[in-house]
Structures are given as C-alpha cells and as structure tokens.
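# Structural overview for review
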Amino acid sequence: MSPDLTVHHIGYLVKKVQKAKDAFASLGYQIEQDTLRDEIRKVDICFLIKDGYRIELVCPYAEDSVVSGLMKRFKNSPYHICYETTDFEAAYESLLADGFMAIDTLTPAPALSGRQVVFLTNAVLGMIELIKP
Ligand code: NI
C-alpha cells in the first residue's frame, strides 16, 4: 500500500534569492512567505505560489551550507519534492520499505514554523522531504 502523501512544495535551488524571486514574480508567482534564514542548514528560504503550486526557493548563504554540494552539481534547479502526511511513522516506514534511505534525522525547519522534516533519497527518484505533522 502506498503511503498517505500530499505534495507540499517543490524545492528549488537558487544562487541569488532576490533575483530568483523577481524572476518567479515575472512569471506570475506570488510570495507566500518572504525570505527567512534557516541557520541550521545555512540557507535562505522563500515560499512562492502559483496556481496551487508551491515553490520553495533554497539559497545557500555560506560555503558549508547543507546544499552547497548540491548547488555545484545542479546549479539553479528544482531538486526535491516535499510531502506532508497525516501519519508520519507509517509514511516513513513505508518509504524505507520502498527503498528510500534517510539522509538526515528529523530536524526543525524554521521556514515551516519549526515543524520537523527529514530528507530521504532513492536511487531512482533522488531526494524527497517528509514533513512531520
Ligand atoms: Ni523543502
């Protein structure tokens, strides 16, 4: 049985958060939550929304940011899809059973009002994020 997952956002790596905001705005995106600094991951985060699709701009502000390596590989690019679930433990176990591996452990996300998130990866799909309710 597939886990109960709802798409929350698409994470989008950007090198310059203000310029990226302006470029998305010119495509018709609205700012849902303006730029916040996540000092745990050393990234600036901004949520934009268009037609019900939520984009999370993720911009490293330090060399040792968690996404600095990804930035070198992907440049400006979408790189994860984040899911919400009503039953975190069940969804997490189901993902592990389906071949996902946790990249980190549950850690608060300041840009999501401190809700805890975990990142997982799978050889076929790449990276996903799971938010604890
Ligand atoms: Ni995300």
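The structure contained in this document is the topic of the report that follows. Computed from a prediction, not measured in an experiment: that's the story for all the values here.

## Here's the deal with the pattern of salt bridges
Pairing between side chains of opposite charge can happen when their charged atoms approach one another. As enumerated under the stated definition, the model contains eight salt bridges in all. With its nearest N and O atoms 2.7 Å apart, the salt bridge here joins K21 to D34. Of this pair, K21 sits in helix α1 (residues 17-26) while D34 is found in strand β2 (residues 30-38), placing the two residues 13 residues apart along the sequence.

## Section: a positive patch on the surface
A cluster of basic residues, K15, K16, K19 and K75, forms a positive patch at the surface. In this fold, K15 is placed in the loop between β1 (6-13) and α1. Note on K15: relative accessible area 46%, which makes it partly exposed.

## Focus: the side chain of T107
Take T107: it is sitting in strand β7 (residues 107-108). Here the side chain of T107 touches T105 through a polar contact of 2.7 Å, landing on its backbone oxygen. Residues within four places of T107 in sequence aside, it is in contact with I40, R41, R115, Q116 and V117.

## Considerations on the environment of I128
Residue placement: I128 occurs in strand β9 (residues 126-131). We classify I128 as buried; its relative accessible area is 7%. Residues I128 and G11, spaced 117 residues apart in sequence, show a C-alpha to C-alpha distance of 9.2 Å. Those residues in contact with I128 that sit more than four places away from it in its chain are I81, Y83, L95, F100, V118, F119 and L120.

## Some words on the pairing of β9
Residues in a regular strand point their side chains to alternate faces of the sheet. Of all six residues making up β9, five are buried, and the element is well covered by its neighbours. Sheet analysis places strand β5 (residues 77-84) next to β9, joined by four bridges and oriented parallel. The residue bridging Y83 from the neighbouring strand is L130, located in β9. One ladder, built from six bridges, connects strand β8 (residues 116-122) with β9; its direction is antiparallel. Its bridge partner lying in β9, F119 is registered against E129. Hairpin connection of β8 to β9: three residues between the antiparallel strands.

## Looking at the packing of aromatic side chains
Across all of its chains, the model carries three aromatic pairs by this definition. With centroids separated by 4.9 Å and ring planes inclined at 80°, the aromatic side chains of F24 and Y29 adopt a geometry described as edge-to-face. Accessibility assignment for this pair places F24 and Y29 in one class, buried. Summarising the aromatic geometry, the rings of F88 and Y92 are spaced 5.5 Å apart at their centres and angled 15° between planes, so their arrangement reads as stacked. In this pair, F88 and Y92 are both assigned in helix α3 (residues 88-97), four residues apart and thus about one turn of the helix distant. Look at F88 and you get buried, because its relative accessible area is 5%. By the ring-pair criterion, three or more aromatic residues cluster together here, those being Y12, F24 and Y29. The ring centre of Y61 lies 3.6 Å from the NZ or CZ of R37, which sits over that ring.

Basis of the calculations
Residues numbered from 1 in each chain as written. Predicted model: local features only at pLDDT ≥ 70, side-chain atom pairs only at ≥ 80, totals over all residues. Heavy atoms only, no water. Salt bridge = Lys/Arg side-chain N within 4 Å of Asp/Glu carboxyl O. Helix = DSSP H or I, 4+ residues; strand = E, 2+ residues; numbered from the N terminus. Patch = residues over 30% accessible without salt bridge, like charges linked within 9 Å, V, L, I, M, F, W, Y side chains within 5 Å. Areas by Shrake-Rupley, 256 points an atom, 1.4 Å probe, with all protein chains shown as cover. Lys, Arg positive; Asp, Glu negative; His and termini not counted. Charge placed at Lys NZ, Arg CZ, Asp CG, Glu CD. Buried < 20%, exposed > 50% of the residue type's maximum accessible area, 1.4 Å probe, protein only. Polar contact = N/O pair within 3.5 Å; in protein donor to acceptor, adjacent residues only side chain to side chain. Contact = heavy atoms within 4.5 Å. Pairing = 2+ DSSP bridges. Phe/Tyr/Trp six-rings, centres within 6.5 Å; stacked < 30°, edge-to-face > 60°. Lys NZ or Arg CZ within 6 Å of the ring centre and 35° of its normal.

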